[in-house]
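These are the residues of each chain, in order.
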Amino acid sequence: MKPMPYIFLIEDNEQDEILTIKALKKNKVLNDIKVARDGSEALDILFNKDSEKFEQDLPQLILLDLKLPKIDGLEVLKQIRSNPRTKLVPVVILTTSKEDSDLLSGYEFGANSYVRKPVDFHEFSEAVKSLGTYWLLLNERPPIL
Amino acid sequence: MQQLPKKLLSSFGNRGEHYVDPREFKKILFQATVLPIALSLLLSILFIQQVYIVLEENHKVRHSDEVIYSGTEAIKLVIDSETAFRGYVISANESYLGPWVKARERFYVLADEISKLVQDNPSQLKDIEEVKTLYTGWNENAEGTLQYRRKYGRASPDEMIVARKAIMDSIRKIFDEFIERERDLRNKRWAEAEKTSREAVLVIIGLGIFLGVALAVMSIMQLRRLSKNYSTAYASLSAATEHLEETVALRTHELTLVNKELEAFSYSVSHDLRAPLRGIDGFSQILVEEYSDKLDGEAVKYLGFIRSGVQRMGVLIDDLINLSRLTRSEFRKEDMELSQMTLDIFNELKQSDPTRKVEFTNFLPQTISADPGLLRAALQNLISNAWKYTRTKDVAVIELGQIYKDGKVTYYVKDNGVGFDMRFYEKLFQPFQRLHTKEQFEGSGIGLATVARIIRRHNGTIWGESELGKGSAFYFTLGV
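Quantities reported herein were computed from a predicted structural model and do not represent experimental measurements.

About the criteria used
- Every chain is numbered independently, its residues counted from 1 as its sequence is written.
- Here every chain gets a letter starting at A, and every ligand a number starting at 1, in the order they are written.
- Given that the model is predicted, a residue must reach a pLDDT of at least 70 before its local features are reported, and side-chain atom pairs must reach 80 or more before they are shown or counted; all residues, however, enter totals for whole chains, interfaces and linings.
- With hydrogens and water set aside, each side-chain value is computed from the structure's full complement of heavy atoms.
- What counts as a salt bridge is simple: a side-chain nitrogen of Lys or Arg found within 4 Å of a carboxyl oxygen of Asp or Glu.
- Numbering goes from the N terminus for both helices and strands, where a helix is a DSSP run of H or I of at least four residues and a strand is a run of E of at least two.
- Note on classification: 1.4 Å probe, protein chains only; a residue is buried when its accessible area is under 20% of the maximum for its type, exposed when over 50%, partly exposed between these limits.
- Here an axis means a line fitted to C-alpha atoms, over the contact stretch when the element is a helix, while the angle between two N-to-C directions is reported on a 0 to 180 degree scale.
- Here is the rule for angles: anything less than 35 degrees is roughly parallel, anything more than 145 is roughly antiparallel, 65 through 115 is roughly perpendicular, and the remaining ranges are oblique.
- We call a crossing left-handed when the near helix sits turned anticlockwise from the far one by less than a right angle, and right-handed when that turn is clockwise.
- Two residues qualify as a contact provided that any one of their heavy atoms is within 4.5 Å of a heavy atom in the partner residue.
- Note that Gly is not counted as nonpolar here; it falls among the polar residues with everything else outside the nonpolar set of Ala, Val, Leu, Ile, Met, Phe, Trp, Tyr, Cys and Pro and the charged set of Asp, Glu, Lys and Arg.
- Detection works on a 1 Å grid of protein atoms alone, calling trapped sets that fit a 1.4 Å probe cavities and calling open sets with protein on both sides within 12 Å along at least five of seven lines pockets, with lining residues defined by an atom within 4 Å of a point.
- Grid points are joined across faces, edges and corners, and a volume is the space filled by probe spheres set on the points.
- Pairing between two strands requires that DSSP report at least two bridges joining them.
- By buried area we mean how much accessible surface two parts lose on assembly, using a 1.4 Å probe and totalling the loss over both.
- The definition of a polar contact used here is a pair of N or O atoms within 3.5 Å, where within protein one atom must be able to donate a hydrogen and the other to accept one, and adjacent residues in sequence count solely through side-chain atom pairs.
- To qualify as a nonpolar core, a set must consist of buried Ala, Val, Leu, Ile, Met, Phe, Trp, Tyr and Cys residues joined through side-chain atoms within 4.5 Å.
- Planes of paired rings set the category: under 30 degrees apart is stacked, over 60 is edge-to-face and the rest tilted, where pairs are Phe, Tyr or Trp rings (Trp by its six-membered ring) whose centres lie within 6.5 Å.
- Think of it like this: strands point away, you trace from the first strand over the helix to the second, and a clockwise trace means the crossover is right-handed.
- Patch membership requires over 30% relative accessible area and the absence of a salt bridge. Like charges are linked within 9 Å, and nonpolar side chains (Val, Leu, Ile, Met, Phe, Trp, Tyr) within 5 Å.
- Under the convention used here, a 1.4 Å probe and the Shrake-Rupley method define accessible areas, while residue burial counts only the protein chains that appear.
- By arc we mean the arc of the directions from the helix axis to the C-beta atoms, nothing more.

## As for the pattern of salt bridges
Consideration 1: In total, this model carries 31 salt bridges over all chains according to the counting rule given.
Consideration 2: The salt bridge partner of E73(B) is K76(B), with a shortest N-O separation of 3.2 Å. One end of the pair is E73(B) and the other is K76(B), both in helix α2 (residues 22-91) and 3 residues apart, which spans about a single turn.
Consideration 3: Judged by its relative accessible area of 46%, K76(B) is partly exposed.
Consideration 4: Salt bridges here are not isolated pairs; linked through shared partners, they connect E11(A), D16(A), K117(A) and R278(B).

## Brief notes about the packing of α2(B) against helix α4 (residues 122-152) of chain B
All names here are of chain B.
Consideration 1: Two elements in contact, α2 and α4, have axes separated by 12 Å at closest approach and are oriented at 10 degrees. By the angle between their axes, α2 is roughly parallel relative to α4. Between α2 and α4 lies a crossing of left-handed hand. Across the interface between the two elements, V78, S81, E82, F85, Y88 and V89 of α2 pack against Y135, W138, A142, T145, L146 and R149 of α4.
Consideration 2: The class makeup of the residues in the contact of α2 with α4 is 8 nonpolar, 2 polar and 2 charged.

## Concerning the layout of surface pockets
All names here are of chain B.
Consideration 1: Looking at the largest pocket, its volume works out to about 800 Å³.
Consideration 2: What lines the largest pocket is a set of 37 residues, and nearest its centre among them are N385, K388, G445, I446 and G447.
Consideration 3: Only α6 (297-328), α8 (372-389), β5 (408-415), α9 (447-457) and β7 (471-477) provide two or more residues apiece to the lining of the largest pocket.
Consideration 4: Looking at the lining of the largest pocket element by element, the count peaks at 8 residues for α8.
Consideration 5: Classifying every residue of the lining of the largest pocket gives 15 nonpolar, 14 polar and 8 charged.

## A word on the sheet that holds β7(B)
Neighbouring strands of a sheet are bound in pairs by backbone hydrogen bonds; such pairs are parallel or else antiparallel.
All names here are of chain B.
Consideration 1: A sheet is described by the order of its strands in space; here 5 strands give the open sequence β2-β4-β5-β7-β6, paired in mixed fashion. Edge positions in the sheet fall to β2 (358-362) and β6 (462-467), since each has one partner strand and no second. Strand after strand, the sheet turns through a mean of 15 degrees between neighbouring axes, direction not considered.
Consideration 2: Pairing of β2 with strand β4 (residues 396-405) involves 5 bridges; the strand directions are parallel.

## Topic: empty space enclosed by the protein
Residues and elements named next belong to chain B.
Consideration 1: In total, this model carries 2 cavities of 30 Å³ or more according to the counting rule given.
Consideration 2: Its boundaries defined by the atoms lining it, the largest cavity holds a volume of some 40 Å³.
Consideration 3: Looking at the largest cavity, the residues that line it are H63, V67, L117, V118, D120, N121, E182, L185 and R189.
Consideration 4: Elements supplying a minimum of two residues to the lining of the largest cavity: α2 and α5 (158-290).
Consideration 5: At 3 residues, α5 tops the list of elements feeding residues into the lining of the largest cavity.
Consideration 6: Partitioning the lining of the largest cavity into residue classes produces 4 nonpolar, 2 polar and 3 charged.
Consideration 7: The computed volume of the second largest cavity comes to approximately 30 Å³.
Consideration 8: Taken together, V89, T145, R149, A155, S156, I161 and R164 make up the full set of residues lining the second largest cavity.
Consideration 9: Breaking the lining of the second largest cavity down by element, the ones donating at least two residues are α4 and α5.
Consideration 10: When grouped by side-chain class, the residues that make up the lining of the second largest cavity number 3 nonpolar, 2 polar and 2 charged.

## A word on the interface of chain A and chain B
Consideration 1: Taken residue by residue, the interface counts 23 residues in chain A and 27 residues in chain B.
Consideration 2: Summed over both partners, the interface of chain A with chain B comes to about 2,200 Å²; 52% of that surface belongs to carbon and sulfur atoms.
Consideration 3: Of all residues in chain A, K67(A), E99(A) and V119(A) give up the largest surface area on contact with chain B, accounting jointly for 30% of the area buried on that side.
Consideration 4: At the junction of chain A and chain B, the tally comes to 5 salt bridges.
Consideration 5: When the shortest N-O distance is used, the salt bridge between D16(A) and R278(B) registers 2.6 Å.
Consideration 6: On inspection of chain A and its partner chain B, the count reaches 11 residue pairs in polar contact (both at pLDDT 80 or more).
Consideration 7: Mapped onto the side of chain A that touches chain B, the elements with two or more residues apiece are α1 (14-26) and α5 (121-138) of chain A.

## Brief notes about the nonpolar core
Residues and elements named next belong to chain B.
Consideration 1: Within the largest apolar cluster, 39 residues are counted, with the highest numbers of intra-cluster contacts made by L338, L375, L379, L400, F476 and L478.
Consideration 2: Take this core: its biggest share by element is 8 residues, from α8.
Consideration 3: Discounting chain neighbours no more than four positions away, the residues touching F476 are L375, L379, L382, V409, T410, Y411, I455, T461 and I462.
Consideration 4: Core analysis: the next-biggest nonpolar cluster, separate from the first, contains 31 residues, V131, L146, I167 and I174 among them.

## Here's the deal with the sheet that holds strand β2 (residues 33-36) of chain A
All names here are of chain A.
Consideration 1: Strand order across the open sheet formed by 5 strands is β2-β1-β3-β4-β5, with parallel pairing between neighbours. Only two strands of the sheet have a single neighbouring strand rather than two, namely β2 and β5 (113-116). Sheet twist, expressed as the mean angle between neighbouring strand axes with direction ignored, is 20 degrees.
Consideration 2: As judged from the 4 bridges shared by strand β1 (residues 7-10) and strand β3 (residues 61-64), these two strands associate in the parallel manner.

## Things to note about the packing of aromatic side chains
Consideration 1: Tallying each qualifying case throughout the model produces 22 aromatic pairs over all chains.
Consideration 2: Centre to centre, the rings of Y107(A) and Y114(A) are 6.4 Å apart; their planes meet at 35 degrees, and the pair counts as tilted.
Consideration 3: Taking the centre distance of 6.2 Å and the plane angle of 80 degrees together, the rings of F429(B) and F474(B) count as edge-to-face. A residue pair is termed long-range when its members are at least 10 positions apart, and F429(B) in the loop between β5 and α9 and F474(B) in strand β7 qualify at 45 residues.

## Focus on the pairing of β2(A)
Residue and element names in this part refer to chain A.
Consideration 1: The pairing of β1 with β2 spans 4 bridges and is classified as parallel. Of the residues in β2, the one forming a bridge with I7 is I33.
Consideration 2: At this point the chain moves from β1, through α1, to the parallel β2, and the crossover so formed is right-handed.

## Let's talk about a nonpolar patch on the surface
Consideration 1: A surface patch of nonpolar side chains, amounting to about 560 Å² of accessible area, comprises V201(B), I205(B), I209(B), V213(B), V217(B) and M221(B).
Consideration 2: Its location among the elements puts V213(B) in helix α5.

## Points about helix α2 (residues 39-47) of chain A
Residue and element names in this part refer to chain A.
Consideration 1: Most of α2 sits inside the fold, with 7 of its 9 residues counted as buried.
Consideration 2: Buried residues along α2 sit against β1, β2, β3 and α3 (73-82).
Consideration 3: Two or three places before S40, at the start of α2, stands the capping residue D38, its side-chain oxygen 2.9 Å from that residue's backbone nitrogen.

## Brief notes about helix α4 (residues 100-108) of chain A
All names here are of chain A.
Consideration 1: Among the residues making up α4, those that are buried are D102, S105 and G106. Across the axial projection of α4, the buried residues extend over an arc of 105 degrees, all falling on one side. Exposed residues lying more than 90 degrees from the buried face of α4 are L104 and E108.

Structure below.
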């Protein structure tokens, strides 16, 4: 049996990571959750076969923060979209910024969604729940994944 | 920035020591007008004077002509007298005597006229008087001859004839001299007149040329002075303009930098300040949810306080970001639906609390030219405020419309709410200043600051009027 596809969370803030994972678990998302703490680590996991972190399987969903150390979120997104292996993986930008410029470049580089993290944990939890429901249950994935 | 125009003005003033003094300009203008007029007048007077002198000379010539003519006539009459008398002497026919008498009468009249004409010339006057005497003598002689002939019936003695001839010769001689002298005089006068005319023409031409040249020189000098003044003024003006351009370019550059900094700042505010808040809120919530068995009621209550404080801070940060975004966003003016938009805003509020009784009146025009996004934000704030501050009324009244004030279209939003204290009017449009406590009415105190900023971006003005407990009214204009 094929292992349950995992969710790839790219997030530099430990607290946000914990909160996101808590919100996902709270909302009965049972998938594995893999975490990368910066852009470079994320790219290693996705593309770098020489790296010990390299993951053979593709994630079912990528949750991407924009403001990341080393390589920033938009650059990671660009590479995901330009690589034939990953170009169809759904990417949801999950960030604090709601700057128009970030929104525009996010969509321009091929993000599937753009969600702003609310301060209120209730609202945040609701947002994560909606994301999980939509991307993991409702949405039909491209057949190659 | 405020310093800029003043600085420029003073720098212009310092350089502008040579700038054109209006008084000096007036002086030059006065000189340039009055001097030519005065000189032309002078020239005219001189010209008229010259013409008079020429006329005077001509008159004298004509006078001499008259004297010559009359003298010639007079001598003709003398000759007529002699011819007629000789006729009588030869033929003894008295019919010859008529022309003599006639000529004699006319001679005296004419001789008197000549005397009058030459009154101012003693030698000529003397001559004519002498001729008169001689002629009288001649006539007496002729009368004597006539008497003799009638008495004795034969020709008069020879001596009488000789005497008469002598008199006649004298008369002729004197007359010849008289006329000759007058002719000389006339020729002299004619020459004089000619000379005077020539001189007059020369004087007029000379003066005209002189005055023309003088005026031209003067005009050139004045124009040079003016143009020097103007070029100095122009030079300092263009220097000031250049300076202004430089300063503007510099300031624009500075502003762009500041704006970029501000953008970076608000970006990090939005990103970095909110992230810890989410942590505080999230973990407080997790404590409440997952550790409730280990926490007592007080602890849960305090965690609640933490969360509400954090959330309020989140709202403040968002408001702050929105406020800064208003000044940074591009301003785009277009025709927009106004009346319908305000109705939509009101309906949204109504949906948020359907139980409230609110009389909403809308006299706003259907369309208006403004930045739709910004104006919507402004009206959203104003109408929400009206909605909020009328909460204590049984029946709230909110009215929107337009009036003309000082010739400007002025829009207003009025309500019958709690109003505000005009003593604190200065704080009204300041960000994060509130005239009511949070417990009375919620809000971050950013609303009216946002509205004021939006109106300012439209080059408009905003002001408010209120009486505590009776309601408030906000007015704004949208500059073009």
